[in-house]
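Working through the structure, step by step
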Amino acid sequence: MLSVQRRAVSSTPKLGVPARRTFFGVPKQGKQRLVILGSGWGGYEILRAIDKKRWNVVMVSPTNYFNFTPLLASCAVGTLEFRAAVEPVRRYTPQVISYTAWCDSIDFKHKKLICMPATLPVKFPGIDGAAGNTNPNQSASGVAGSSQKFQLTYDKLVIAVGAYSQTFNVPGVKEHAYFLKDIRDARRIRTRVMECFEQANQPTITDADRRKLLNFCIVGFAAELHDFLHTDIGRHYPALARLAKINLYDVAPNILGGFDTGLQEYATAKFRREGIRLLTQHHVERVEQGRMFVTEEGEVDFGMLVWSTGLAPNPLIESITEAKKDERTKRSLVTDSHLNIVMASTNAPDPDVFVIGDAATIADDPLPATAQVANQQAKHVTRRLNTLIRSERPPAATPFKFQNAGNLAYIGDWEAVFDRTKAARGPKGKETGRLAWLLWRSAYFTQTLSVRNKILVPFYWFLNWIFGRDLSRF
């Protein structure tokens, strides 16, 4: 009781002395604060490798995990379980501070961020949410006029927010299509595929409706779904599997646009042999519930439309007016060769702000928006930040140079294509078939970050090879 009274007395402001703010505390003294926006291929790599003993690291991301995107398609059809394709941000707390939130705006002049929680607001009846707030992380402060938003300051900032799925302003895509950028998207696709087959299996459904339900329209990926339909679905729904169709749409004249021409032709022939309809140079006009309208075909009924192509600007990038933006893509900020943001007013880089991944375009050196680029940029920035904090007189920064390691793509039935014709190091060449498939799997196995997932991924591959995929719908 005495200790409670002492705390109460000490918290009472003295006469003539301003009351100490108790909403949020101040950062740890003696450490510069590094704020990372985004937990994708760029942001998570920096979080993983940064010197956490010397930096006061704060992560701000609407998700508290990293998506290993090359494995999302496998999760969508049950080849892997969902947790095998994610890495938790919380693995590094409390060494770092993590907020599940969006960054709404950046004040580059005063080095301040305004953030909005990505969690549901807490509203308990009869309780004033603004009274007696404390922050266990001691890193942020409230925003006047808002009970939800909070403010962060930074010494160094890394913008790695990525990009959104591009709909090309096609009406109805957001409402009726399925995307594949997050593990939650993979879960929704997996649920919908099984739902289509369970609906088509009902005795009251006509054959015409069954064909519509089992018509899968894909804008972006098809190989994993093809394997699923021709193995486990074919085994457990033999009559329905014969009705299922996969249609692969693309506005480009060829699939696998970034690959060697010979590999494009190989994949095209492979898909056609397997019964996948390739509809290149087709344009979707609008999408409605259960149907879409294609310029070259007219009305097309479908059970599921997967839209997995194109990149749209992140809202944070759109809101930034102080920095130069890429006129070509309209979705990224311009950086110098050291990945520092270039300010519009001065046309000079800000040494305290880095931009990487899909949100960045290097001036005079545009790079493809791939995970490989984002990961290499993150490693470059991490080395620079660690050098800055460890050395009293850090050496001059070296410009970023992308080292192309080649491209891999799975095309179904234990076959893949591997393109190293443009590789920066090592032997150049290309591979197809089972050898390329082995390279595909070994590459993604070695890139899996945690020991836990290095065990889970091959375990699920082996488990599903022996027993098949789980067809439960829940």
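These numbers come from a predicted model, not from an experiment. (Residues numbered from 1 in each chain as written. Predicted model: local features only at pLDDT ≥ 70, side-chain atom pairs only at ≥ 80, totals over all residues. Heavy atoms only, no water.)

1. Here's the deal with the overall build of the protein
We apply this condition: A run of H or I in DSSP counts as a helix once it spans at least four residues, and a run of E counts as a strand once it spans at least two, with each numbered from the N terminus. Only protein chains enter the accessibility calculation, which uses a 1.4 Å probe; a residue is then buried when its area is under 20% of its type maximum, exposed when over 50%, and partly exposed in between. Any two residues whose heavy atoms approach within 4.5 Å at even a single point are treated as in contact. Residue burial considers only the protein chains on display, and all accessible areas are found by Shrake-Rupley using a 1.4 Å probe.
Looking only at helices and strands, the protein has 13 helices and 25 strands in total. With 474 residues in all, the protein has 47% of them scored as buried. Put simply, of all contacts in the protein between residues at least 6 apart along the chain, 64% involve residues at least 24 apart. Just so you have it, the protein exposes about 24,700 Å², and 53% of that area is on carbon and sulfur atoms.

2. Quick notes on empty space enclosed by the protein
Spelled out, the test is: Only protein atoms enter the 1 Å grid used here, on which a cavity is any set of points holding a 1.4 Å probe that cannot leave and a pocket is any open set flanked by protein within 12 Å on both sides along at least five of seven lines; residues with an atom within 4 Å of a point are listed as lining. Grid points are joined across faces, edges and corners, and a volume is the space filled by probe spheres set on the points. Under the convention adopted here, Pro, Cys and the residues Ala, Val, Leu, Ile, Met, Phe, Trp and Tyr are nonpolar, Asp, Glu, Lys and Arg are charged, and Gly plus all remaining residues are polar.
Inspection of the entire model under this criterion finds 3 cavities of 30 Å³ or more. What the largest cavity holds in volume is close to 120 Å³. The wall of the largest cavity is formed by 17 residues, among which Gly 357, Ala 360, Thr 361, Leu 367 and Pro 368 lie closest to the centre. Residue assignment for the lining of the largest cavity shows that the elements contributing at least two residues are strand 22 (360-362) and helix 11 (371-390). Looking at side-chain class alone, the lining of the largest cavity contains 8 nonpolar, 5 polar and 4 charged residues.

3. A closer look at the sheet that holds strand 17 (residues 304-307)
Working definition: the strands of a sheet are paired by backbone hydrogen bonds and lie parallel or antiparallel to each other. For clarity, the threshold we go by: The pairing criterion is simple: DSSP has to find at least two bridges between the two strands. Simply put, an axis is a line fit to the C-alpha atoms, just over the touching stretch for a helix, and the angle between two N-to-C directions goes from 0 to 180 degrees.
With respect to topology, 4 strands assemble into an open sheet ordered 13-12-11-17, the strand pairing being parallel. Two strands close off the open sheet at either side, each with one partner strand: strand 13 (277-280) and strand 17. On average, each strand axis in the sheet is tilted by 20° relative to the strand beside it, whichever way the strands run. One ladder, built from 4 bridges, connects strand 11 (residues 215-219) with strand 17; its direction is parallel. When the bridges of strand 17 are listed, Ile 218 appears paired with Val 306.

4. Comments concerning the sheet that holds strand 23 (residues 407-412)
Pairing in this open sheet of 3 strands is antiparallel, and the strands run 23-24-25 from one edge to the other. The open sheet is flanked by strand 23 and strand 25 (430-432), the only strands paired with a single partner. Geometrically, the sheet is characterised by an average inter-axis angle of 10° between neighbouring strands, direction not taken into account. As defined by bridge partners, strand 23 adjoins strand 24 (residues 415-419) across 5 bridges and the pair is classed as antiparallel. When the bridges of strand 24 are listed, Tyr 410 appears paired with Ala 416. Along the sheet, helix 12 (residues 433-447) makes contact with strand 23, strand 24 and strand 25, crossing strand 24 at roughly 75°.

5. Re the pairing of strand 11
With 5 of 5 residues buried, strand 11 lies mostly within the body of the structure. The side-chain alternation of strand 11 yields two buried faces, one formed by Asn 215, Cys 217 and Val 219 and the other by Phe 216 and Ile 218. Bridge analysis of strand 11 against strand 12 (residues 245-250) gives 4 bridges, and the strand direction is parallel. Paired with Asn 215 across the bridge in strand 12 is Lys 245.

6. Things to note about unusual backbone geometry
The step from Thr 93 to Pro 94 runs through a cis peptide bond, and the omega angle for that step is 5°. Tracing the chain through its elements places Pro 94 in the loop between strand 4 (86-88) and strand 5 (97-107). Of note in this structure, Leu 339 is not a glycine but carries a positive phi near 75°. Classification of Leu 339 by relative accessible area gives buried; the value is 0%.

7. Side note on the confidence of the model for the protein
This is how the line gets drawn: A residue's pLDDT is simply how confident the predictor is in it, with values from 0 to 100.
On average, residues of the protein score 87 in pLDDT, and 90% of them reach the 70 mark or higher. Across the protein, the element-wise mean pLDDT spans from 38 in helix 1 (residues 2-10) up to 97 in strand 9 (residues 156-159). With pLDDT under 50 throughout, residues 1-28 is counted as low confidence; its partners more than four residues away or in other chains account for 23 contacts.

8. Re helix 5 (residues 183-200)
Counted only if it meets this: Expected span of a helix: the number of residues minus one, times 1.5 Å. Polar contact is the term for a pair of N or O atoms within 3.5 Å; when the atoms are in protein, one must be able to donate a hydrogen and the other to accept it, and sequence-neighboring residues count only if both atoms are side-chain atoms.
For helix 5, spanning 18 residues, the distance from its first C-alpha to its last is 26 Å, which sits close to the expected 26 Å at 1.5 Å a residue. For helix 5, every residue scored as buried is listed here: Ile 183, Asp 185, Ala 186, Ile 189, Arg 190, Arg 192, Val 193, Met 194, Cys 196, Phe 197 and Ala 200. Structurally, the start of helix 5 carries an N-cap: the backbone nitrogen of Arg 184 is 2.8 Å from a side-chain oxygen of Asp 182.

9. A few points about the packing of aromatic side chains
Short version of the rule: Note on aromatic pairs: the rings of Phe, Tyr and Trp (six-membered ring only in Trp) are paired at centre separations within 6.5 Å, and the planes decide the class, stacked below 30 degrees, edge-to-face beyond 60, tilted for the rest. Definition used: whenever NZ (Lys) or CZ (Arg) falls within 6 Å of the ring centre and also within 35 degrees of the ring normal, the charge is taken to sit over that ring.
Tallied over the full model, the rule gives 14 aromatic pairs. Summarising the aromatic geometry, the rings of Trp 41 and Phe 68 are spaced 5.2 Å apart at their centres and angled 50° between planes, so their arrangement reads as tilted. With Trp 41 in the loop between strand 1 (32-37) and helix 2 (43-49) and Phe 68 in the loop between strand 3 (65-67) and helix 3 (72-76), this residue pair connects regions lying 27 residues apart in the sequence. For Phe 68, a relative accessible area of 3% corresponds to the buried category. One aromatic cluster is present, built from ring pairs that chain together Trp 41, Tyr 44, Phe 66, Phe 68, Tyr 92, Tyr 410, Trp 440 and Tyr 444. The ring of Phe 82 carries Arg 187 above its face, with NZ or CZ at 4.4 Å from the centroid. Across the ring face of Trp 461, the terminal group of Arg 441 is positioned such that the distance to the ring centre comes to 4.2 Å.

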